[in-house]
Amino acid sequence: MAILMSLDPMALLRSMPGAFAQGLVWGLMALGVYITFRLLDFADLTVDGSLATGGAVAVMLIRGGMNPWSALIFAFIAGMAAGFVTGMLHTALGIPGILAGILTQISLYSVNLNIMGRSNQAVSVDKYPLVISLRYISDSTGTRIQVFTTSILFCVVTVAILYWYFGTEQGHAIRATGCNQQMARAQGISTNFHTVLALMLSNGLVGLSGGLYAQFQGAADVNMGRGAIVIGLAAVIIGEVVFGKLCAGKHFAFAYTLLSVIAGAIIYYIVMNIVLWLKLPSDDLKLFSAIIVAVFLAIPYLKTRYKGKERAHG
Amino acid sequence: MAEMLKIDNIHKTFHPGTINEKHALNGVCLSLDEGDFVTVIGGNGAGKSTTLNAVAGLWPIDSGKIFIGGDDVTRLSEHKRARYLGRVFQDPMTGTATTMSIEENMAIAARRGESRGLSWGITKKERGEYRRMLATLDLGLEDRLASKVGLLSGGQRQAITLLMAAIKKPRLLLLDEHTAALDPKTAAKVLEISDRIIAENHLTAMMVTHNMKDAIAHGNRLIMMHEGKVILDIRGEEKKKLTVEDLLHQFEKVSGEEFANDKALLS
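Rules behind the numbers
- Residues numbered from 1 in each chain as written.
- Chains lettered and ligands numbered in written order.
- Predicted model: local features only at pLDDT ≥ 70, side-chain atom pairs only at ≥ 80, totals over all residues.
- Heavy atoms only, no water.
- Helix = DSSP H or I, 4+ residues; strand = E, 2+ residues; numbered from the N terminus.
- Rg over C-alpha atoms; globule rule 2.2 N^0.38 Å.
- Buried < 20%, exposed > 50% of the residue type's maximum accessible area, 1.4 Å probe, protein only.
- Contact = heavy atoms within 4.5 Å.
- Areas by Shrake-Rupley, 256 points an atom, 1.4 Å probe, with all protein chains shown as cover.
- Pairing = 2+ DSSP bridges.
- Axes fitted to C-alpha atoms, helices over the stretch in contact; angles between N-to-C directions.
- Parallel < 35°, antiparallel > 145°, perpendicular 65-115°, else oblique.
- Left-handed = near helix turned anticlockwise from the far one by under 90°.
- Nonpolar A, V, L, I, M, F, W, Y, C, P; charged D, E, K, R; others polar.
- Bend = angle between axes of the 7 residues up to and from the residue.
- Polar contact = N/O pair within 3.5 Å; in protein donor to acceptor, adjacent residues only side chain to side chain.
- Salt bridge = Lys/Arg side-chain N within 4 Å of Asp/Glu carboxyl O.
- Buried area = accessible area lost by both parts, 1.4 Å probe.
- Core = buried A, V, L, I, M, F, W, Y, C linked by side-chain atoms within 4.5 Å.

> Describe the overall build of chain B, listing the residues and the values that go with them.
Across its full length, chain B carries 10 helices and 10 strands. The C-alpha atoms of chain B give a radius of gyration of 19 Å, which matches the 18 Å a tight globule of 267 residues would have. Seen along its three principal axes, the alpha-carbon backbone of chain B occupies a region of about 60 × 40 × 40 Å. The burial tally for chain B puts 53% of its 267 residues in the buried class. Once local pairs closer than 6 in sequence are excluded, the contacts in chain B between residues at least 24 apart make up 67%. By element, 50% of the accessible surface of chain B is carried by carbon and sulfur atoms, the whole surface being about 12,200 Å².

> Describe the pairing of strand S10 (residues 229–235) of chain B, with residues and values.
Note that strand S9 (residues 221–226) of chain B and S10 of chain B share six bridges and pair antiparallel. Bridging across to S10 of chain B, His 226 of chain B finds its partner in Lys 229 of chain B.

> If you had to explain the environment of Asn 203 of chain A to someone new, which residues and values would you point to?
Residue and element names in this part refer to chain A. Examined against the element boundaries, Asn 203 turns out to sit in helix H10 (residues 191–217). The exposure class assigned to Asn 203 is buried, which follows from its relative accessible area of 0%. In this structure, the C-alpha to C-alpha distance between Asn 203 and Gly 54, residues 149 residues apart in sequence, is 9.2 Å. Excluding residues within four positions of it along the chain, Asn 203 makes contact with Asp 44, Thr 46, Val 47, Ser 50, Gly 79, Met 80 and Gly 83.

> Outline the packing of helix H2 (residues 9–39) of chain A against H10 of chain A, listing residues and values.
Residue and element names in this part refer to chain A. Interaxial distance between H2 and H10 falls to 6 Å at its minimum, and their mutual angle equals 165 degrees. Relative to H10, the element H2 lies roughly antiparallel. You can see that H2 and H10 cross each other, and the crossing is left-handed. When H2 is examined against H10, the residues Gly 18, Ala 21, Gln 22, Val 25, Trp 26, Leu 28, Met 29, Leu 31, Gly 32, Val 33, Ile 35 and Thr 36 are found in contact with a partner set consisting of Ala 198, Leu 199, Leu 201, Ser 202, Leu 205, Val 206, Leu 208, Ser 209, Leu 212, Tyr 213 and Phe 216. For the contact of H2 with H10, the residue count by class is 17 nonpolar, six polar and no charged.

> Quick rundown of H2 of chain A? Include the residues and the values.
Residue and element names in this part refer to chain A. Within H2, the axis deviates most sharply at Met 16, by approximately 30 degrees, and proline Pro 17 lies no more than four positions further along. A large share of H2 lies buried, amounting to 23 of its 31 residues. For H2, the side-chain oxygen to backbone nitrogen distance between the N-cap and Met 10 is 2.9 Å, and the N-cap itself is Asp 8. In the segment just after H2, Asp 41 is the residue with positive phi, at about 55 degrees.

> Tell me what's going on with unusual backbone geometry, and back it up with residues and numbers.
Phi angles above zero are rare outside glycine, and Asp 41 of chain A is one such case at about 55 degrees. Inspection of the secondary structure puts Asp 41 of chain A in the loop between H2 and helix H3 (47–63). A relative accessible area of 60% means that Asp 41 of chain A is categorised as exposed. In this structure, Glu 177 of chain B is a non-glycine residue whose phi angle is positive, near 50 degrees. Its location among the elements puts Glu 177 of chain B in the loop between strand S7 (172–176) and helix H6 (184–200).

> Could you give an account of the pattern of salt bridges, with specific residues and numbers?
One pass over the structure, following the stated rule, counts 18 salt bridges over all chains. Asp 8 of chain A serves as the salt-bridge partner of Arg 14 of chain A, at 3.8 Å between the closest nitrogen and oxygen. Owing to a relative accessible area of 33%, Asp 8 of chain A belongs among the partly exposed residues under this scheme. The partner of Glu 114 of chain B in a salt bridge is Lys 168 of chain B, with the nearest N and O atoms 2.4 Å apart. Placement of Glu 114 of chain B in the loop between helix H3 (102–110) and helix H4 (124–135) and of Lys 168 of chain B in the loop between helix H5 (154–166) and S7 is noted, with a sequence separation of 54 residues between them. Its relative accessible area of 41% is what places Glu 114 of chain B among the partly exposed residues. We classify Lys 168 of chain B as partly exposed; its relative accessible area is 32%.

> Outline the sheet that holds strand S1 (residues 3–14) of chain B, listing residues and values.
All names here are of chain B. One open sheet holds the four strands; their spatial order is S2-S1-S4-S5, and the pairing between them is antiparallel. The sheet terminates laterally at strand S2 (22–33) and strand S5 (71–72), the two strands that pair on one side only. Examined bridge by bridge, S1 and S2 share nine bridges and lie antiparallel to one another. Looking at the pairing, Leu 5 lines up with Leu 32 of S2.

> Tell me about the sheet that holds strand S8 (residues 205–208) of chain B, residues and numbers included.
Residue and element names in this part refer to chain B. Judged by pairing direction, the sheet is mixed, and its six strands sit side by side in the order S6-S7-S8-S3-S9-S10 without closing on themselves. Because the sheet does not close on itself, it has two edges, and the strands there are strand S6 (85–88) and S10. Here the strands of the sheet are splayed against their neighbours by 20 degrees on average, with no regard to which way each runs. Sheet topology note: the strand S3 (residues 37–42)/S9 ladder contains five bridges and is parallel. Residue Val 40 lies in a different strand from S9, and its bridge partner there is Ile 223. Strands S3, S6, S7, S8 and S9 of the sheet are contacted by helix H1 (residues 48–56), whose axis makes an angle of about 145 degrees with S7.

> Report on the packing of H5 of chain B against H6 of chain B, specifying residues and quantitative values.
Residue and element names in this part refer to chain B. Across the interface, H5 lies against H6 with an axial gap of 10 Å and an inter-helix angle of 10 degrees. In this view, H5 runs roughly parallel relative to H6, as classed from their interaxial angle. Along the contact surface, H5 presents Gly 155, Gln 158, Ala 159, Leu 162, Leu 163 and Ala 166, while H6 presents Thr 186, Val 190, Ile 193, Ser 194 and Ile 197. For the contact of H5 with H6, the per-class residue count stands at seven nonpolar, four polar and no charged.

> Residue-level account of the interface of chain A and chain B, with values.
Interface size, as often reported, equals the accessible area lost upon joining of the parts. Counting residues at the interface gives 20 residues for chain A and 29 residues for chain B. Between chain A and chain B lies a buried interface of about 2,300 Å² when both sides are counted; carbon and sulfur atoms form 58% of it. Looking at the side of chain A facing chain B, the largest losses of area belong to Glu 169, His 172 and Gln 187 of chain A, adding up to 30% of the total buried there. Run the count over chain A and chain B and you get three salt bridges. Across the salt bridge formed by Glu 78 of chain B and Arg 185 of chain A, the nearest N and O atoms sit 2.9 Å from each other. When residues of the side of chain A that touches chain B are traced back to their parent elements, those giving at least two are helix H7 (141–165), helix H8 (169–179) and helix H9 (181–186) of chain A.

> Give me the lowdown on the nonpolar core, citing residues and values where you can.
Counting 79 residues, the largest nonpolar core has Trp 26, Leu 31, Val 33, Leu 162, Phe 166 and Leu 212 of chain A as its most contacted members. When residues of this core are assigned to their parent elements, the largest contribution, 14 residues, is made by H2 of chain A. Not counting the four nearest positions on each side in its chain, Val 33 of chain A is found in contact with Arg 38, Val 47, Ser 202, Ile 229, Gly 232, Leu 233 and Val 236 of chain A. Core analysis: the next-biggest nonpolar cluster, separate from the first, contains 44 residues, Ile 102, Ala 159, Leu 191 and Ala 205 of chain B among them.

Okay, structure coming up:
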């Protein structure tokens, strides 16, 4: 009771805009995870490294005098390069997907340290015209709105581009590759080429998200991507569980699905903020996230198993 | 008549040098003329499907050559060879992308052998064409263009896979026991569709089957395989007069064994 009394509802309310903005930024990364995990059927662990790569590249370029918007383009390209490496390890060298991702992720740790010269680099909002910043949220209503419009704009434009892309011939080829490699090859699709392509696109988005997030929190850190894959998966799965029924069978169903991934990321951060507000130990956050993801990944499997048993008895 | 397929003395050994070593193909030779529709029979492990897979390029062969319509495809990878081929598989799950719609699957097949760029994956004009093609199947699929293929039955999927295989008028159609996983009624329907599609498009085709009656009733040629070789090649008038008993007798004569396959005897 005493604990409940000590909780300040206003503090929770105040933390919400930050959580919302953070969810939007990580939503971009979750879209990248959606591309590999759901469309390509490839559990890509590169993202833990490529997120920090995007952040490191953006921060170092901004510190070197580049426009923060242009720096994001290079964060995207850096992410694509990381995806390319994982793709080649998997397709050209035959290394299993998960291991290929882990190898790239581990090597990116060193690469990121080299990019930054040390384990973290700050980029102060006082000195640079950052695209978005946590500071803008607390400053005034005007700047707060600017953060939201910017990050919402990023998400909406990305969803629109992805919606278009996966409706093109190339996008179809990626989806066929992810769904049924035998069918794809029989229809003349190079599954290797399209696997690499999808990994590059996915990690490009993750790098972009890293570049934005580094600006948002005012620093890039070599550990900023640790556990990113789990957050991305959580966003994808929360989006599917909460909005899946709403999206199915509609016109533009795919666009709704992509938006639900971003919504999933926002819900994830709101829940995390509530957990922190309840003064649950923050050390346990990652354990908590992992359990959420494990439970929701297990539900569809357990459902089919249960149904299978029912049929066998009937 | 032009030669459409030439298989020239191909060999393939799986897992060489291990306890699982298997000489799957031991010098297969076969030549198909344009418009030939050959049925392929033989016991388990005779090399029927392996021959089709060698033509499709699933793995490199150890020796020999394969020509399709005069082009040497021996060293081409599977997806590059796809431009010459239409393929339907035994498992109805294999031929289509289940998470994609009927029209998307067909649009993917319609771009077989072409480069895939950033234009729309499917156009309005195509949709009308696909609707017309699906209507010829008489399965009610023409009104379900946007349905996911995963929702369809095995027979419906095989019918769509057949349309997809024929959509680019391939030089060679490969049917790998494509009715074996279906119930008898559906199998008959899919066979009927296969016959029609082959005739309408004047396709050259190879059809592997376990069913001797089907092998006799369809196509203008019949080959029998045994231990990775073609041991019998019957065509024209001679094939028309063929009976299941003849085939069993021939098999025993050529191989010195009984045709130990219940499925073939019972059907």
